[in-house]
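Chains, contacts and geometry: an overview
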Amino acid sequence: MARPVTLFTGQWADMPLEDLAPKAKGWGYDGLELACWGDHFEVDRALAEDGYIQGRWDLLHEHDLDCYAISTHLVGQCVCDDPIDERHKGTLPERIWGDGDPEGVRQRAAEEVRDTARAAAEFCRAGAGAEYRQQRKC
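So, here's what we can say about the structure. (Residues numbered from 1 in each chain as written. Predicted model: local features only at pLDDT ≥ 70, side-chain atom pairs only at ≥ 80, totals over all residues. Heavy atoms only, no water.)

What to know about unusual backbone geometry
For the peptide bond that leads from Asp82 to Pro83, omega is 5°, which places it in the cis range. By the element assignment, Pro83 lies in the loop between helix H4 (73-80) and helix H5 (86-89). Positive phi, normally seen in glycine, also occurs at Asp64, with a value near 55°. The residue Asp64 is located in the loop between helix H3 (52-62) and strand S3 (66-71) in this model. (Helix = DSSP H or I, 4+ residues; strand = E, 2+ residues; numbered from the N terminus.)

In structure tokens:
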């Protein structure tokens, strides 16, 4: 089987996933790497809202797309970045930035990365069925 051609969605985080997905399919992509900013993959919602993860899959499948990765690198940078300063504020959700105290930002960012791993595992398990899970060792 040929390798799937995928698109990272972060460059279009200002565009709702429901608008980006059909464009990506029209551009010839097989799947997406979902960014954890914009509305593409919201970690807090994935862990808290029943149906959110399945809704992401439904939207992708509606456009014959798959998902091969979830990216949280903007938040992940704050786990070990030094110094944490105002430059980070614009790339982080308010709940991660908080009061901007560097150690607090680091701690919240580290927890978000752990939460992203949990959400990604749930996302993988909810994927396209048994064959999908077996291929990806979910």
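Considerations on the pairing of strand S2 (residues 31-35)
With four of its five residues buried, S2 lies for the most part within the structure. Strand direction decides the pairing type here: strand S1 (residues 6-8) and S2, joined by three bridges, are parallel. Its bridge partner lying in S2, Leu7 is registered against Leu32. Between the parallel elements S1 and S2, the chain passes through helix H1 (residues 17-26) in a crossover that is right-handed. Of the pairings in the sheet, the one linking S2 to S3 comprises five bridges and is parallel in character. From the neighbouring strand, Glu33 faces S3, where its bridge partner is Ala69. (Buried < 20%, exposed > 50% of the residue type's maximum accessible area, 1.4 Å probe, protein only. Pairing = 2+ DSSP bridges. Right-handed = clockwise from strand over helix to strand, strands pointing away.)

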